[in-house]
Amino acid sequence: MTEIALFGAIEIGLVYALVAIGVYLSFRILDFPDLTVDGSFPLGAAVCAVLLIAGVNPWLASLAAALAGAAAGLVTATLNVRFKILHLLASILTMIALFSVNLRVMGRPNVALLMQDTVLTPFYGLGIPDHIVRPLVVGVIVAVVVLLLARFLASEFGLAMRATGVNARMARAQGVDTDAHVYAGIALSNGLTGLAGALFAQTNGFADVTTGIGTIVVGLAAVIVGETVLPARALALALVGCVAGSILYRLAVQLALSADAIGLQASDLNLVTAVLVAVALILPRLKAKASRSAPRSTRAAK
Amino acid sequence: MIVVEDIHVTFGRGTPLEKHALRGVDLTIPEGEFVTVIGSNGAGKSTFLGSLAGDVLAEQGRIAIDGTDVTRWDTPRRAGLVARVFQDPMAGSCAALTIEENMALAAARGRRRGLSLALGSDRRKGFRDRIAALGLGLENRLHDRMGLLSGGQRQAVSLLMATLAGSKILLLDEHTAALDPATADFVLDLTRRIVRDNRLTTLMVTHSMRQALDYGDRTLMLHEGRVVLDVAGEERAGLDVPHLLALFARQRGGAEISDDSLLIG
Ligand SMILES: Nc1ncnc2c1ncn2[C@@H]1O[C@H](COP(=O)(O)OP(=O)(O)OP(=O)(O)O)[C@@H](O)[C@H]1O
Ligand SMILES: [Mg+2]
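Residues numbered from 1 in each chain as written. Chains lettered and ligands numbered in written order. Predicted model: local features only at pLDDT ≥ 70, side-chain atom pairs only at ≥ 80, totals over all residues. Heavy atoms only, no water.

A.B. asks: I'd like to hear about the overall build of chain B, residue by residue, with values.
C.D. replies: Secondary structure assignment for chain B yields ten helices and ten strands. For 265 residues, the compact-globule formula gives about 18 Å, and the C-alpha radius of gyration of chain B, at 19 Å, lands near that figure. Seen through its C-alpha atoms, chain B measures out along the principal axes to roughly 60 × 40 × 35 Å. When each of the 265 residues of chain B is scored for burial, the buried share is 52%. Taking all contacts inside chain B whose residues are at least 6 apart in sequence as the whole, residues at least 24 apart take part in 65%. If you sum the accessible surface of chain B, you get close to 11,600 Å²; carbon and sulfur atoms cover 49% of it. (Helix = DSSP H or I, 4+ residues; strand = E, 2+ residues; numbered from the N terminus. Rg over C-alpha atoms; globule rule 2.2 N^0.38 Å. Buried < 20%, exposed > 50% of the residue type's maximum accessible area, 1.4 Å probe, protein only. Contact = heavy atoms within 4.5 Å. Areas by Shrake-Rupley, 256 points an atom, 1.4 Å probe, with all protein chains shown as cover.)

A.B. asks: Tell me about the nonpolar core, and please be specific about residues and values.
C.D. replies: Grouped together as the largest cluster of nonpolar side chains are 58 residues, with contacts concentrated most on Y16(A), I21(A), Y24(A), V142(A), L149(A), L153(A) and V243(A). When near neighbours in sequence (up to four residues on either side) are disregarded, V243(A) contacts L14(A), A17(A), I21(A), V142(A) and V146(A). (Core = buried A, V, L, I, M, F, W, Y, C linked by side-chain atoms within 4.5 Å.)

A.B. asks: Quick one: what's the story with the environment of A244(A), residue by residue and with numbers?
C.D. replies: Inspection of the secondary structure assignment puts A244(A) in helix α11 (residues 235-258). Measuring from C-alpha to C-alpha, the distance between A244(A) and A222(A) comes to 7.8 Å, with 22 residues separating the pair along the chain.

A.B. asks: I'd like a description of the site of ligand 1, backed by residues and values.
C.D. replies: All names here are of chain B. Within the structure, ligand 1 sits among 13 residues, and N41, K45, S46, T47 and H207 are positioned closest to it. Within the side chain of T47, one N or O atom sits 2.5 Å away from an oxygen atom of ligand 1. The separation between an oxygen atom of ligand 1 and a polar side-chain atom of E174 is 3.4 Å. Summarising the interface, the protein chains cover 61% of the accessible area of ligand 1, which totals 630 Å² for the free molecule. Counting residues per element, the ones that place at least two in the shell around ligand 1 are β2 (19-29) and α1 (45-53). Ranked by residues supplied to the shell around ligand 1, first place goes to α1 with three residues. Considering only residue class, the shell around ligand 1 consists of three nonpolar, seven polar and three charged. (Near = heavy atom within 4 Å. Polar contact = N/O pair within 3.5 Å; in protein donor to acceptor, adjacent residues only side chain to side chain. Nonpolar A, V, L, I, M, F, W, Y, C, P; charged D, E, K, R; others polar.)

A.B. asks: With reference to specific residues and values, describe the pattern of salt bridges.
C.D. replies: Applying the stated rule across the entire model yields 17 salt bridges over all chains. Two residues, E59(B) and R13(B), come together in a salt bridge whose shortest N-O distance is 3.0 Å. Pair noted here: E59(B) is in the loop between α1 and β4 (60-65) and R13(B) is in the loop between β1 (2-11) and β2, with a separation of 46 residues, a long-range link. Here D240(B) makes a salt bridge to R210(B), at a shortest N to O gap of 3.8 Å. Of the two residues, D240(B) sits in the loop between α8 (233-237) and α9 (241-253) while R210(B) sits in helix α7 (residues 209-214), which places them 30 residues apart along the sequence. The class of R210(B) is partly exposed, set by a relative accessible area of 41%. Taken together, the salt bridges that share partners define one network made up of E156(A), R111(B) and R123(B). (Salt bridge = Lys/Arg side-chain N within 4 Å of Asp/Glu carboxyl O.)

A.B. asks: So what about the interface of chain A and chain B? Which residues, and what values?
C.D. replies: With 21 residues of chain A at the interface, the matching set in chain B holds 35 residues. Between chain A and chain B, the buried area comes to about 2,300 Å², and carbon and sulfur atoms account for 60% of it. Across the contact surface, chain A and chain B share three salt bridges. Here E156(A) ties to R111(B) by a salt bridge, and the two come within 3.1 Å at their closest N and O atoms. For the side of chain A that touches chain B, the secondary-structure elements that each account for two or more residues are α6 (130-153), α7 (156-166) and α8 (168-173) of chain A. Per-element tally for the side of chain A that touches chain B: the top contributor is α7(A), with seven residues. For the side of chain A that touches chain B, a count of residues per class yields ten nonpolar, four polar and seven charged. (Buried area = accessible area lost by both parts, 1.4 Å probe.)

A.B. asks: Go over the layout of surface pockets, please, and point to the residues and values.
C.D. replies: Empty space left among the atoms is revealed by rolling a probe the size of a water molecule over them. What the largest pocket holds in volume is close to 890 Å³. If you trace the largest pocket, you find 33 residues lining it, with R162(A), R233(A), A234(A), L235(A) and E101(B) closest to the centre. Secondary structure elements with two or more residues in the lining of the largest pocket: α1 (3-29), α6, α7, α10 (215-229) and α11 of chain A together with α3 (99-107) of chain B. (1 Å grid on protein atoms, 1.4 Å probe; cavity = no way out; pocket = protein on both sides within 12 Å on 5 of 7 lines; lining within 4 Å. Points joined across faces, edges and corners; volume = space filled by probe spheres on them.)

A.B. asks: Let's hear about the packing of helix α3 (residues 58-81) of chain A against helix α4 (residues 87-106) of chain A: which residues, and what values?
C.D. replies: Residue and element names in this part refer to chain A. Following both chains from N to C, one finds α3 and α4 inclined at 140°, their axes separated by 8 Å at the closest point. Viewed along their axes, α3 and α4 adopt a mutual orientation that is oblique. Helix-helix and strand crossings are classified by hand; for α3 and α4 the assignment is right-handed. On α4, the residues touching A72, V75, T76, L79 and N80 of α3 are H87, A90, S91, L93, T94 and L98. Taken together, the residues of the contact of α3 with α4 break down into six nonpolar, five polar and no charged. (Axes fitted to C-alpha atoms, helices over the stretch in contact; angles between N-to-C directions. Parallel < 35°, antiparallel > 145°, perpendicular 65-115°, else oblique. Left-handed = near helix turned anticlockwise from the far one by under 90°.)

A.B. asks: Account for the UniProt feature "transmembrane region" (unreviewed entry) in chain A, naming residues and giving values.
C.D. replies: All names here are of chain A. Residues given the UniProt feature "transmembrane region" (unreviewed entry) here are residues 6-27, 39-56, 88-107, 132-154, 180-200, 206-225, 237-257 and 269-286. The span residues 39-56 is 83% helical and 0% strand by assignment, and the distance between its end C-alpha atoms comes to 23 Å. Each end of residues 269-286 is marked by a C-alpha atom, and these two atoms are 25 Å apart; helix forms 100% of the span and strand 0%. (UniProt positions renumbered as here; feature names shortened; annotations may be inferred.)

A.B. asks: Give me the lowdown on the pairing of β4(B), citing residues and values where you can.
C.D. replies: Residue and element names in this part refer to chain B. Of the strand pairs in this sheet, β1 and β4 are connected by five bridges, and their pairing is antiparallel. From the neighbouring strand, H8 faces β4, where its bridge partner is Q60. Between β4 and strand β5 (residues 68-69), which pair antiparallel one after the other, the connecting turn spans two residues, and D66 there sits at a positive phi close to 50°. (Pairing = 2+ DSSP bridges.)

A.B. asks: Describe empty space enclosed by the protein, naming the residues involved and giving the relevant values.
C.D. replies: Tallied over the full model, the rule gives one cavity of 30 Å³ or more. Lining the largest cavity we find A173(A), Q174(A), A83(B), R84(B), F86(B), G92(B), A106(B), R109(B), S158(B), M161(B) and A162(B). For the lining of the largest cavity, the elements supplying multiple residues, two or more each, are β6 (82-85) and α5 (151-163) of chain B.

A.B. asks: Quick one: what's the story with the pairing of β6(B), residue by residue and with numbers?
C.D. replies: Each regular strand displays side chains that alternate between the two surfaces of the sheet. All names here are of chain B. Here β6 shows a buried face lined by V82 and R84 and a second buried face lined by A83 and V85. Two elements, β6 and strand β7 (residues 169-173), share four bridges in a ladder whose sense is parallel. Note on β7: the bridge partner recorded for V82 is I169.

Structure (C-alpha cells):
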C-alpha cells in the first residue's frame, strides 16, 4: 500500500466514523434499526455542495448539511413514533424519498466542487502535504464530535436516552418522555451522518446521489469492528471504538483491494462489506455455540 | 391523598376479545395509608395500579392525586407523583446500565432532564450513602451493571430508587412474587421500613392473604373489576386468613354476594 493510499484510507475512515457513531446511536443506544443514513449521507453532501457553489461559508454549509440530515431523521422518527410504522420500514420510506429529494437539491445526479473553498482550504497552504492535511482536519472534527457526544451521553438527558433504548417501560415509569428521546436521538444520528456527507463532498470534491448506497452497512461494519477490537463498557470508549473500527475497516478494504493476488476491484467493495458484516454477525453465534458444546466434548473425551 | 371516582377500563373495545377490566372503582386513600390489594388472577389488580400510574387511561371516571386531576396524564407526567416497583425484577430497572446510573435516572423523576452531568461527585456520594443504608454491601458496587444483581438485590435497589425523587405515592405490584421466601421476607421488611420512614401512601398487590393482613393498614379485595371487600381498623384486625380465604373462594365461585354478607366473614 502506498503512503497516499494509506492516508486516503484513514481519511475516508474518519469521514465514515461520523456515520459509525450515528449508527451506534440508533442501533445500539436507542435500539432503533435506522436505515435513513443511506439517504441522509448523500443529502448532507448535496446540501453542502450546493451551498458551497452558492458561495456560502464552508462551516455554515457543513452545519446546514448536518441540520438537513437531522430533519431527515425527524421524518423517520415521526413515521415511527407518531404513526406507528415499524422503524425499519419507516426508515426505508425516508431513504427512498430522499433519493428524489437529493436529485432536487442538486438539480442533477452529481455536482463537482472544483474551485470552491472548503473547510480544508485554509489548511492547505501550511506546508503539510495535502493527503495528510485532509485526515488531520477531519480527525480534529471527529475528535470534537466524540468529546461533545460523550459529555452529552453522560448528561441527565443523555442518560434518559440510553434508558429509553434499554428499557422503555422503566424509563417512562421514571418520568422519561421516551418519544422525545427517540426524536432527539434519531435526529442526532442522522445529523452526524449529514455532517459526514458534507465532509465527504469537501474532501472528495464532488457530491453524487449514488454515494449513499450501502452507507448503513459500512457504518454497521465500523461499529462491529470497533466493538471487536475495543470491547468497552464505558461509553466514551465505545465511541472511540466506532472511530477505530471505521479506520480499520477502510484499511482492511484498502489492503484487500491493493493485493493483486486476490483480484478484487473497487466495485466489489459492497460485496466485500456485506460479507464482512454478515460474518461479524454470525461469528458471535458460532462462538457461543462452540463454548456451549465444548464442555460436552471434553466430557465425552474422558 | 388519592381519590378515585368510578373509573372504568376496557381493553380491546369493539373486538371479540373485549375485556371490561375495571368496572367502576370508587376509592379514597388518605395520605400515608398503606393498602394491600388481593384478588384472583385477572381480577384487575394490575390494571388498577396501571390506571393510577398512567399506563392505562380510564375511559370513564376521575383520578385525583393530592387534589390535582390527573385522569388524562400519561405515565411520564405522573411519574413525578407516583413511584413503582414491578413484579419482574428486570422490568423496574435497566440491566445494561450501572446501579448508580439507574439511581440517577430515578432521582430525576418528575424533573426536567437537562445537560448537567447525571452523576456529579456530590450525587455519587449521596447515592453511596443511601445504598449503604440497605445493608447489602452494594455501596462498593455502584459501577456494576444492574443486570449483575440478584432478583432480591434488584428489588431492594428498585425500592430505594422509588424514594429518591421525593414522590409520596408508591405502587407495588407483586414485587416479591419472583423471589424465594427468605428474600421475599427481606424485601417486605425493607418495604415496611421505607414506607414508614418516607411516610409513603402505598398500594401493594399480593397473592398472599397472610401478607395482605400482616402488612399495611387496610386491605382491598378486587373481583371482576370491582372492589368487593374494603376493610381497615378493628374490622380488619378481627379478620384471619381462613376468613379471607373463604371470602376469596366465594368470589371465585362467582356467587352474587352483597357487601354486607362479605363483611360477616
Ligand atoms: N393490555 C391488555 N390487553 C388486553 N387485556 C388485558 C390487558 N391487560 C389486562 N388485560 C385483561 O384484563 C383483566 C385484568 O387483568 P389484570 O392484569 O389487571 O389482572 P390481575 O388482577 O393483575 O391478575 P394477576 O393476579 O394474574 O396479576 C384480565 O382479564 C386480563 O386478561
Ligand atoms: Mg397482575
